[in-house]
Amino acid sequence: MTAEGHSAELAIETKGLTKRFGHQVAVNGIDLAVPRGAVFGFLGPNGSGKTTTIRVLLGLAAATSGQARVLGQEMPRSLREVLPRVGALIEGPAFYPFLSGAANLHRLDTADRDAPSRTRAARVHLALERVGLTQAAGKKVRAYSLGMKQRLGIANALLAPRELLVLDEPTNGLDPQGTREVRALVRLLAAEGTTVFVSSHLLAEVEQMCTHAAVMSAGRLVAQGTLDDLRRSGTSRVQIRTPDSAAAQRVLAGLGLMAEKSDQAATADGLVTAVLAVHTGTQEESQESRHAPKPETIVAALVAAGVRVRGFAVLGSSLEERFVALTGEGFDVAQ
Amino acid sequence: MLPSDGRPPSSGGAPGDRRVSGDRRATAGWATLGSNLVGSELLGSELKVLFGRRRTWAMLLALAAVPVLIAVVVRVSSAPGTPGRGPAFLDRVTQNGLFVGVTGLVVSIPLFLPLTVSVVAGDSIAGEGGLGTLRYLLVAPAGRVRLLLVKFAAALAFCVAATLAVAVPGAIVGVVLFPVGPVTLLSGDTIDVGASVLRLLLVAGYVTVSLVGLAAVGLFISTLTDVPVGSMAATIVLTVVSEVLDALPQVSWLHPWLFSHYWFGFADLLRQPVAWGSFGGNAWLQAGYVALFAALAYGRFASKDVLS
Ligand SMILES: Nc1ncnc2c1ncn2[C@@H]1O[C@H](COP(=O)(O)OP(=O)(O)OP(=O)(O)O)[C@@H](O)[C@H]1O
Ligand SMILES: [Mg+2]
């Protein structure tokens, strides 16, 4: 079924996927490509369309236009074959408050036609164990804390062996241990070959967990690629630790680099930072970076000018900088 | 590309999990076709959730209290019932205690029974939407049609349970508090105890069938919203509207089409011989309501965006 233009290697693939609510465009013609085996971070500020995209991918909402393929099959047409192989946490957990954690998982598992009832108890037990809820299995969900509900939501996604996990903000409300455990769990599942599609606005989390990422902004997909690609594009800087900041700034200016700031810290050493290059796109080396002086040239020039260089570093742009550059500084939710 | 079953088991779980994975593929054939495909397991789980809820039991208990209250009041007052006054069949109670059950149904059919059925049917989809569990059922995947069928079946089960919750405790309390003897029917004939048990069951069946159309209406309304209180209230309001219209002679042309039209028609079952006319009319009307509102519910729910 390797039809033209479709890759069997992609766990999720969308073409011009659009979802409108009335006149508002929540998802605007996005082309996602999530490779199999990836841990794919789906980033974006509040209201940028992450959850809506997930709903469309899982057949909960119909796309206004565009196509979506999940695990190589068209959605929502092949929903019945695809969804048993997908575990999902969508916009937070949701359970029957009057049932226990284990009873909730039993209930949701019976909804899956392909889930064998013979192994149900064992699978529920295993899922609860994996999220550390064995002790609270018999407790009514009404009495669960936020983090416990979140864990139960993840357990529900793990009820059966899955080829794809779709996790919408999985660490929301979790304590630091819980967050670490979820990260470890995701890595473990990925190591076993499960593709993980995880939406988040916690950049540190994505940096620690993911191999790939995409960034949404106001319904559009503004960047997509491996984490290294995303980090590489953007601004790189040189940072010089020296007591002679004034002299260092003069040398940098001579090389055509503009010093940004010089912190006269508590120590005698100052930090001089300058933009080395602005990379665009994901090309290996962009126009600007070819004209930038090489780091070794800068050090040589500094030393030749008698600047006491006590530290020198070339800083790639952080994902956070990249994120803000892509999605804008403003705090207000777009639209 | 590999057929979906031939895919390497690239998936989550400890080594133990892989065993489950193998099992799953092995049993995903006929075994599941027989049981879970039609939703018997999901229906079992649905019934467990419905009848495991305190709310359901509270409603059933309230229904059971109706005939008990009637029996106790009649017994304590010890004044012989005046024929033609009070609820129908009240005067038969002192002849045969089993008629407490029938009297209980007469008293409950205009309000209490439809109220509880509206709560269950109105909650069916909207309740899951309100809790957010609807999205998890659908991605499980429960299948939208399968879920609707299961929800409707559960609502029907509740109709049966609600009727029995009136009839059975009514009969029991009646037997305890009153003599159980031959009873005079509306046609003037007298039937023995065995036949009167049969008549009680017939009446209970009639009342259950009477509630089926309402359950379908509630199911449809339930697909329109994620606010269960709204769909429950709307279903109850529709019941009241139907009963009010049925009482207005100005719209008599409409009466045969109202789902509450035959609700009191079970008197025909207490004649000798049984007059099946209203039973048949009622059954056809209710079947029509089920067909119409099941189709509407399907039309709405099959394509609905689940955004709760
Ligand atoms: N049911 C709805 N009706 C109308 N508009 C909606 C609905 N659901 C979402 N939207 C709109 O769609 C846009 C995207 O919402 P979405 O929930 O996908 O954002 P998100 O990226 O998941 O945000 P967050 O990080 O806060 O979870 C928002 O502008 C939101 O207002
Ligand atoms: Mg969201």
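In what follows, the structure referred to is the one given above.
This one's a predicted model, so the numbers in the text were calculated from it and none came from an experiment. (Residues numbered from 1 in each chain as written. Chains lettered and ligands numbered in written order. Predicted model: local features only at pLDDT ≥ 70, side-chain atom pairs only at ≥ 80, totals over all residues. Heavy atoms only, no water.)

**Let's talk about the pattern of salt bridges**
Then, number 1: Taken as a whole, this structure holds 19 salt bridges over all chains when the rule is applied.
Then, number 2: Between K15 of chain A and E13 of chain A there is a salt bridge; the shortest N-O distance is 3.3 Å.
Then, number 3: A residue is classified by how much of its surface remains accessible, and K15 of chain A, at 35% relative accessible area, is partly exposed.
Then, number 4: A salt bridge links D305 of chain B to K19 of chain A; its shortest N-O distance comes to 2.4 Å. Separated into two different chains, D305 of chain B in the segment after helix 11 (277-301) and K19 of chain A in strand 1 (residues 10-21) make up a pair that spans both.
Then, number 5: Residue D305 of chain B is classed as partly exposed on the basis of its relative accessible area of 23%.
Then, number 6: Several salt bridges converge on common partners, so that one network encompasses R107 of chain A together with E46, E128 and K151 of chain B. (Salt bridge = Lys/Arg side-chain N within 4 Å of Asp/Glu carboxyl O. Buried < 20%, exposed > 50% of the residue type's maximum accessible area, 1.4 Å probe, protein only. Helix = DSSP H or I, 4+ residues; strand = E, 2+ residues; numbered from the N terminus.)

**Some remarks on the nonpolar core**
Looking at soluble globular proteins, one finds that nonpolar side chains tend to be buried together.
Then, number 1: Among the nonpolar cores identified, the biggest contains 157 residues, and L58, V86, L164 and F197 of chain A together with L113 of chain B are the most heavily contacted of them.
Then, number 2: Broken down by element, the residue count for this core peaks at 15 residues, all from helix 8 (residues 144-177) of chain B.
Then, number 3: Residues contacting L113 of chain B, with those up to four places away along its chain left out, are L63, L105, S108, A162, T163, V166, V207 and L211 of chain B. (Core = buried A, V, L, I, M, F, W, Y, C linked by side-chain atoms within 4.5 Å. Contact = heavy atoms within 4.5 Å.)

**A word on the pairing of strand 10 (residues 212-217) of chain A**
On any regular strand, side chains alternate: one points to one face of the sheet, the next to the other face.
All names here are of chain A.
Then, number 1: Along strand 10, six of the six residues are buried, which leaves the element largely enclosed by surrounding structure.
Then, number 2: Across six bridges, the pairing between strand 10 and strand 11 (residues 220-226) is antiparallel. Among the inter-strand pairings, S217 is bridged to a residue of strand 11, identified as R220.
Then, number 3: In sequence, strand 10 turns back onto strand 11 through a hairpin of two residues, with A218 there showing a positive phi of about 45 degrees. (Pairing = 2+ DSSP bridges.)

This is a description of form; function is not addressed.
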